[in-house]
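Breakdown of the fold
Take a look at the letters that make up each chain.
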Amino acid sequence: MNAKPVTALPTISASAIGVAPVRYADHTLPNGLRAVLVPDRRVPSVAINIAYRVGGKDDPPGRSGFAHLFEHLMFKGTSRTAPETMDRLTEDVGGFNNAFTSEDITNYYEVVPSNHLERLLWAEADRLASLTVNEENFATERDVVIGEYDQRVLAEPYGMLDELVNREAYRVHPYGRGVIGSPAELNAASLDDVVAFHATYYRPDNAVLVVAGDLDADETLAMIERWFGPIPTPSTPIPRVRAVEPPQTAERTYEYRAANVPLPAAEEAYHIPAASHPDAAALDVLETLLGSGRSSRFYTSLVYDKQVATNAYAAADLREQPGLFGVRVTCARGVALADARAALEQELERVRTAPPDELELARVRTQIASSVVRSRQTHSGVALELVRAITERGDPELVNGDLARYLAVTGDDVMRVARTYLRPENRSVVEYLPA
Amino acid sequence: MNGGASTIPVAGPPHDATLPAPVERVLDNGLRVVAFSLRNLPLVAAQLVVGCGGAAEREDEAGLAALVAALLTQGTTTHSATEIAAASDALGARLIAASGYDASIVSASATTPAFAQVFALLEDVVRRPAFAPREVDRVQTKSISDLALTYANPSALARQVAHRVAYGGAPYGHPLAGTATTLAALTRDRVAWFHERFYRPDDATLVIGGDLEVDEAFALAERVLGTWRAPSTPIGERPHGEIPPPRAHVAIVDKPDAGRTALITGRVTIERRSPDYYPATVATAVLSGYSGRLNQEIRVKRGLSYGAGVSLAARRQRGTFFSSTLVDHTRAAEATEVTLATIRSLAETPATDEDLVTRKATVTGGFFRSIETIDGIAGALAEHVLYDVPLAELNSYAHRVQDVDAESVRAFAARGLVPDNFVVLVGDASKFADDVTRAHGDVRVIPYDRLDLGSPTLGG
C-alpha cells in the first residue's frame with residue numbers, strides 16, 4: 001500500500017515561525033566609534049565587522065572607483081604590520097577575512113575562532129590609526145583592481161549591466177558612477193589621494209563596529225576601549241553627499257550590444273526612496289511577490305507559463321539615499337526581447353492595478369520570515385544585518401522590528417507602492433543584446 | 001593619526017566545538033536513515049541521497065539524470081508543478097532536487113513548524129513524479145536555453161572541456177547538464193525509466209536532523225517513507241568505467257569573443273575513500289586560497305589575474321584535481337607555465353612546518369564553518385553517505401587533518417598531482433596559441449563553433 005499522498009496544499013503562518021530577537025549591547029565610545037556586541041555562544045567563533053560610512057557615492061570627483069581601490073589598500077600593512085597581516089591573523093588560524101565596498105559603505109569583516117577576537121580588534125584599530133601605503137603596493141593593487149574590473153565587468157556575460165543601469169538612472173546623484181569605477185579614473189589616482197581619503201573618512205566617528213558570536217559583552221567592550229579608545233577624532237566635519245536626483249519625468253532607454261551576450265536581456269530600474277522611508281517594507285514585499293521562488297509572479301508567468309524568459313528577477317535595491325527597484329529579464333532561446341518585456345510589463349500592470357490576495361501575501365511573509373531565520377544561523381549573518389540597519393537606517397533595533405513591519409504590509413500597500421514607483425516615466429531601461 | 005599600541009595581544013586557549021553525533025537505522029524497506037539533533041535554532045533539514053547520478057547515463061543521453069532530478073518537482077500524480085512551487089514557497093521551505101555524477105539528491109529544509117509538511121512534499125516528488133509530456137518539453141527547452149548562458153562564461157565552459165580532456169569517454173567525461181543535441185533527444189520514457197530504475201529505498205539514504213530529537217526524526221522517516229517499496233529488480237552494479245591514465249596535452253578552445261581566457265590545468269587523481277584523501281586535502285589547501293602558493297604566484301607576485309586556486313573533487317571513482325584562473329589573453333601562456341611550475345613545486349619541495357600548521361588550520365576552520373548551519377551538517381553527512389565513508393569520520397575530520405605531515409603531502413603531490421597535467425585554455429587563441437605551442441608540443445586548437453562536448457574527443 002502506498003503512503004497517503006499529500007492532498008490539501010500546505011501552508012504556515014509567518015507568525016508561527018519563532019524568530020528570536022537579536023540581543024545586543026550598544027555603546028558609543030567618547031571618540032565617536034559605535035560598537036554593537038551580540039553574545040551568542042552556539043559556535044566558538046566570532047564575526048567582526050567594521051563598516052566605514054564611505055562608499056562609491058563618496059568617490060572624489062574624477063576618481064570613480066576610489067573607495068573600492070582604497071578598500072584593497074587597507075590590506076597592505078601599517079607602520080606596525082606587514083602587508084597581508086589580516087590573512088595571517090585569520091586564514092592561518094582557521095578563519096577568513098574579506099571586505100566589500102557598496103555605494104554607501106566599506107565593510108571589513110573577519111570570522112575567527114573566538115580566542116583570537118582581541119588580536120583582530122587590535123589589527124582593525126591599527127589599520128584605522130596608522131595605514132601606510134607606498135608607491136609600489138599602490139601601483140600593484142591598482143592593477144589588481146583593474147584586473148577585477150576586467151574579470152567582473154568585461155569578461156562576465158552580463159557584467160556591464162549594473163554599471164549601465166546606474167549610469168542611466170542617475171544624472172545628478174553620484175550613485176550614477178557605480179562602485180567599481182573606470183580604469184581611466186583609477187589610473188589617474190595618486191598616492192596623495194590615498195592619504196587624503198584615509199584622513200577624511202577613516203576616523204572613529206565614521207565607523208560602526210559589530211562583533212557577534214562567542215564573546216562576553218563586558219570583556220569585549222573593554223578590549224574595544226583599550227585598542228580603539230586612544231584613536232583621536234579630527235575636528236573637521238565629514239563631507240556628505242548632498243546631491244539630490246531630480247524626479248525623472250520621461251523614460252530613458254539605452255541599448256548595449258556586445259559579442260559575448262548569449263541571450264538578450266533587459267533591466268528596468270525605477271527610482272525608489274531611501275531604506276529609511278516608510279515604503280521600504282512594502283517594496284521588499286513587492287520584490288518577493290514578483291521575483292522570489294518558483295511561485296513568484298515572474299517565474300510563474302514568464303518562465304513557466306509563457307516560457308519567454310530563462311530567468312526573471314526583481315530587486316528592491318534600498319540604499320542610504322534614494323535607490324532603485326530593478327526588474328530584470330533574460331530571454332529564453334529564440335524569444336525576442338520585445339516579447340519578453342511585454343510579458344514583464346503585463347505583470348507590472350497587474351500589480352499596479354489590483355492588490356495581491358491574502359493567500360499570496362501569507363506566502364510572501366512566510367518566505368521573508370524563513371529567510372531571516374536562515375541568515376541568522378551564522379554569526380556573520382547577524383553581524384551584517386546589524387551593520388546594514390545602522391548604516392542605512394540609523395538604528396540597530398530595527399532588526400527586531402522588521403518582521404512586524406513586513407507582517408503589517410497589506411495588499412493595498414503593495415499595489416500603492418507599485419503604482420507610485422513602477423511608472424514608465426520613472427524608469428531607465430537598459431537593453432543588453434548580442435552584437 | 002596615532003593611537004593603538006605597538007604589540008598585538010596573544011590568543012588565549014581555544015574554546016571547544018561540539019558536533020552532534022549522527023545515529024543511524026535501516027527501515028524495513030531498506031532505506032538507511034541517518035539522524036542528528038541540534039536544537040539551537042528553529043530549522044530542520046533532510047537530504048535523500050539516491051545512489052545513482054550522471055555517471056549511470058549513456059554518452060548519447062548526457063543530461064538524463066539532471067533532467068530527471070529537475071522534473072521531480074515539476075508535478076506528481078497528486079500535485080501540479082505550480083501547486084508544488086506554491087506549497088514550498090508558502091512553507092518558506094527549500095525543496096531542491098539535483099543530480100551529480102555519483103548520486104541524485106533531493107533536499108528539503110524549513111523552519112521547525114513547517115518541516116513535516118515540506119517533508120511530505122519531498123516524499124511526494126520522490127515517489128510519484130508525473131513526468132507529464134508538457135513538463136518534460138518545458139524543462140528540456142529551458143535546459144537548452146541555460147546552456148547558452150553556461151557557454152558564454154569562459155570559466156564554466158573550460159570546466160566542461162576539462163572533464164572531457166581528463167576522462168574522454170569514461171564516466172565523468174560527459175557534461176552533467178548534457179548538450180543541446182543529447183537533451184533534445186531525451187524522451188519521457190527514458191526519464192521514467194531512469195526514475196524507476198534508480199530511485200529506490202534499498203539504494204537510498206535519508207539524512208535528517210536539526211531542531212528535533214533523533215527518535216522523532218526516525219518516527220517521521222518511518223511514517224512518511226516506510227511504505228516506499230523497492231522494485232523487484234536487483235539494484236545492480238554501480239556504474240564503473242575504465243579511467244584513462246593522465247596524459248600531458250593542451251586543448252585550446254578558440255573563442256575570440258571571450259572577455260578573458262579561462263585556464264584550467266589538472267589531472268585525474270584520487271577517489272574519496274582513498275587513504276590519500278586527507279594528505280590530498282592539505283595539499284590542495286597549501287596551493288589554494290588567497291595565501292595559497294598558486295594565488296601568491298599568479299596574483300600577488302605577478303598580477304596575472306584577480307585570483308587563482310585549485311580544487312579537489314574526489315568521487316566514487318577517481319576524481320579531479322583542477323587549478324583554475326582567468327587571465328588576459330596576452331598573458332595566458334605565461335599563466336600556464338607559472339601554474340604548472342607552482343604545482344610541480346609541491347611535489348619537489350616539502351611544505352615547511354609553518355606552512356603546514358597554517359594551511360591545516362585553514363582546512364579545519366573552513367570545515368567547521370561549513371557545518372555551522374543545519375543544511376551544512378546535513379550536506380556533510382550526505383557526502384559521507386554518498387562515498388561510503390564511515391559517519392564517525394565527520395567527528396574525527398579535524399584530527400585526521402592535523403595528523404597529516406609535510407612528507408605525506410609531498411609524497412601525495414608527487415604521485416597524485418603530477419606528472420602529466422593536461423591544460424585547457426578557452427579564449428582568444430590568436431593571442432596565446434603560438435606561445436603555448438612553443439612550450440608544449442601536444443597542442444590542439446578547436447574553434448568554438450566546432451566544439452562538441454557530446455564527443456569524447458570534443459569534436460572539432
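Residues numbered from 1 in each chain as written. Chains lettered and ligands numbered in written order. Predicted model: local features only at pLDDT ≥ 70, side-chain atom pairs only at ≥ 80, totals over all residues.

In terms of helices and strands, chain A carries 15 helices and 11 strands. For a compact globule of 435 residues, the expected C-alpha radius of gyration is about 22 Å, and chain A comes in at 23 Å, within 12% of that figure. With the C-alpha coordinates of chain A rotated into their principal frame, the extents come out at 60 × 55 × 45 Å. Put simply, chain A has 435 residues, and 51% of those count as buried. Restricting the contact set of chain A to residue pairs at least 6 apart, pairs at least 24 apart contribute 80%. (Helix = DSSP H or I, 4+ residues; strand = E, 2+ residues; numbered from the N terminus. Rg over C-alpha atoms; globule rule 2.2 N^0.38 Å. Buried ≥ 20, exposed ≤ 12 C-beta atoms within 10 Å, placed from the backbone. Contact = placed C-beta atoms within 7 Å.)

What follows is about the overall build of chain B. For chain B, the count of helices and strands is 16 helices and 12 strands. Here chain B has a C-alpha radius of gyration of 24 Å; the compact-globule value for 460 residues is 23 Å, and the two agree. Expressed along its principal axes, the backbone C-alpha trace of chain B runs to roughly 65 × 60 × 50 Å. Within the span of chain B, comprising 460 residues, buried residues form 56% of the whole. Counting only contacts in chain B whose residues sit at least 6 apart along the sequence, the fraction spanning at least 24 positions is 80%.

Before going further, it helps to spend a moment on the environment of Leu-186 of chain B. Residues and elements named next belong to chain B. With respect to the helices and strands, Leu-186 occurs in the loop between helix H6 (180-185) and helix H7 (188-198). For Leu-186, a count of 23 C-beta atoms within 10 Å puts it in the buried group. For the pair Leu-186 and Ala-11, spaced 175 residues apart in the sequence, the C-alpha separation amounts to 59 Å.

With that settled, consider the packing of helix H9 (residues 280-291) of chain A against helix H15 (residues 411-421) of chain A. All names here are of chain A. At their nearest, the axes of H9 and H15 sit 9 Å apart, and the two run at 90° to each other. With respect to H15, the element H9 is oriented roughly perpendicular. Between H9 and H15, the residues in contact are Ala-282, Leu-283, Val-285, Leu-286 and Leu-289 and Asp-413, Val-414, Val-417 and Ala-418, respectively. The residue makeup of the contact of H9 with H15, split by class, is 8 nonpolar, no polar and 1 charged. (Axes fitted to C-alpha atoms, helices over the stretch in contact; angles between N-to-C directions. Parallel < 35°, antiparallel > 145°, perpendicular 65-115°, else oblique. Nonpolar A, V, L, I, M, F, W, Y, C, P; charged D, E, K, R; others polar.)

Further remarks concern the interface of chain B and chain A. With 75 residues of chain B at the contact, the number on the chain A side is 72 residues. Element by element, the count of residues in the side of chain B that touches chain A is highest for helix H4 (residues 133-152) of chain B, at 10 residues.

Okay, the packing of helix H10 (residues 297-305) of chain A against helix H11 (residues 337-353) of chain A next. Residues and elements named next belong to chain A. The geometry of H10 relative to H11 is characterised by a closest axis approach of 10 Å and an angle of 150° between their N-to-C directions. In terms of orientation, H10 lies roughly antiparallel with respect to H11. Here the hand of the crossing between H10 and H11 comes out right-handed. Side by side, H10 and H11 meet where Arg-297, Phe-298, Ser-301 and Leu-302 of the first sit next to Ala-340, Ala-343, Leu-344 and Glu-347 of the second. Here the residues of the contact of H10 with H11 sort into 5 nonpolar, 1 polar and 2 charged. (Left-handed = near helix turned anticlockwise from the far one by under 90°.)

Here we take up the sheet that holds strand S7 (residues 252-258) of chain A. Consider a sheet: its strands pair through backbone hydrogen bonds, and that pairing is either parallel or antiparallel. Residue and element names in this part refer to chain A. A sheet is described by the order of its strands in space; here 5 strands give the open sequence S7-S11-S8-S10-S9, paired in mixed fashion. Because the sheet does not close on itself, it has two edges, and the strands there are S7 and strand S9 (309-317). Neighbouring strand axes in the sheet, compared pairwise and without regard to direction, differ in orientation by 15° on average. Of the strands in this sheet, S9 and strand S10 (324-331) touch H9, which is tilted by about 175° from S9. (Pairing = 2+ DSSP bridges.)

The subject of this paragraph is the sheet that holds strand S6 (residues 207-213) of chain A. Residues and elements named next belong to chain A. With mixed pairing, the 6 strands of this open sheet are ordered in space as S1-S2-S6-S3-S5-S4. With one partner strand each, in any of the chains shown, strand S1 (25-28) and strand S4 (96-101) form the two edges of the open sheet. Averaged over all neighbouring strand pairs, the angle between strand axes comes to 15°, with direction disregarded.

Moving on, we come to unusual backbone geometry. The step from Val-418 of chain B to Pro-419 of chain B runs through a cis peptide bond, and the omega angle for that step is -5°. Residue placement: Pro-419 of chain B occurs in the loop between helix H15 (406-417) and strand S11 (422-427). Of note in this structure, Gln-307 of chain A is not a glycine but carries a positive phi near 55°. Along the chain, Gln-307 of chain A falls in the loop between H10 and S9. With phi around 65°, Asp-420 of chain B is a residue other than glycine that occupies positive phi space. Taking the number of C-beta atoms within 10 Å as the measure of exposure, Asp-420 of chain B has 11 and is therefore exposed.

Residues and elements named next belong to chain A. Looking at the element boundaries, Thr-78 is found in the loop between helix H1 (66-73) and helix H2 (85-90). Between the alpha carbons of Thr-78 and Asp-126 there is a distance of 7.2 Å; along the sequence they are 48 residues apart. Once you skip the residues sitting within four places of it in the chain, Thr-78 turns out to touch Asp-126, Arg-127, Ser-130, Leu-131 and Thr-132.

Let's shift gears to the confidence of the model for chain A. When the pLDDT values of chain A are averaged, the result is 93; 98% of them are 70 or greater. Ignoring residues within four places in sequence, the model shows residues 1-7 of chain A, a span with pLDDT below 50, making 14 contacts including any to other chains. (pLDDT = per-residue confidence, 0-100.)

Attention now moves to the nonpolar core. In this structure, Val-118, Leu-122 and Val-424 of chain B are the most contacted members of the largest nonpolar core, which totals 214 residues. It is helix H1 (residues 64-72) of chain B that provides the largest number of residues to this core, a total of 9 residues. Leaving out residues up to four positions away in the same chain, Val-424 of chain B has contacts with Ala-158, Val-161, Ala-162, Val-165, Ala-251 and Ile-264 of chain B. Among the nonpolar cores identified, the runner-up in size contains 66 residues, and Tyr-24, Ala-123, Val-211 and Val-382 of chain A belong to it. (Core = buried A, V, L, I, M, F, W, Y, C linked by C-beta atoms within 7 Å.)

This part takes up the pairing of S6 of chain A. Residue and element names in this part refer to chain A. The element S6 is extensively covered by neighbouring structure, given that 7 of its 7 residues are classed as buried. Burial along S6 is two-sided: the face carrying Ala-207, Leu-209, Val-211 and Gly-213 and the face carrying Val-208, Val-210 and Ala-212 are both buried. Bridge analysis of strand S2 (residues 34-39) against S6 gives 6 bridges, and the strand direction is parallel. Bridge pairing in S6 links Val-38 to Ala-212. With 7 bridges connecting them, strand S3 (residues 45-52) and S6 associate as antiparallel partners.

Our focus in this paragraph is helix H10 (residues 293-301) of chain B. Within H10 of chain B the residues assigned to the buried category are Arg-293, Leu-294, Asn-295, Ile-298 and Arg-299 of chain B. Residues of H10 of chain B that are buried make contact with helix H4 (135-155) of chain A together with helix H9 (277-287), strand S9 (308-313), strand S10 (320-327) and helix H11 (332-348) of chain B. One or two residues past the end of H10 of chain B sits Gly-303 of chain B, with phi positive at roughly 60°.

For the rest of this paragraph, the subject is H4 of chain B. Look at H4 of chain B: 29 Å from first C-alpha to last across 20 residues, which is about the 28 Å you get at 1.5 Å a residue. Restricting attention to buried positions, one finds in H4 of chain B the residues Glu-135, Val-136, Val-139, Gln-140, Lys-142, Ser-143, Ile-144, Ser-145, Leu-147, Tyr-151 and Ala-152 of chain B. If you follow the buried residues of H4 of chain B, they end up packed against S9 of chain A together with H1, helix H2 (81-90), helix H5 (154-167), H6 and H7 of chain B. (Expected span 1.5 Å × (residues − 1).)

What follows covers the pairing of strand S7 (residues 250-254) of chain B. All names here are of chain B. Counting buried positions over the 5 residues of S7 gives 5, a clear majority of the element. Of the two faces of S7, the one lined by Val-250, Ile-252 and Asp-254 and the one lined by Ala-251 and Val-253 are each fully buried. By the bridge criterion, 5 bridges tie S7 to S11 in an arrangement that is parallel. From the neighbouring strand, Asp-254 faces S11, where its bridge partner is Gly-427. Strand direction decides the pairing type here: S7 and strand S12 (residues 443-447), joined by 5 bridges, are parallel. Its bridge partner lying in S12, Val-253 is registered against Ile-446.

Following the sequence through the fold, Thr-362 of chain B ends up in helix H12 (residues 353-370). A residue is classified by how many C-beta atoms lie within 10 Å of it, and Thr-362 of chain B, with 26 of them, is buried. For the pair Thr-362 of chain B and Val-286 of chain B, spaced 76 residues apart in the sequence, the C-alpha separation amounts to 9.3 Å. What Thr-362 of chain B contacts, discounting residues up to four positions off in sequence, is Glu-91 and Gly-94 of chain A together with Ala-285 and Gly-289 of chain B.

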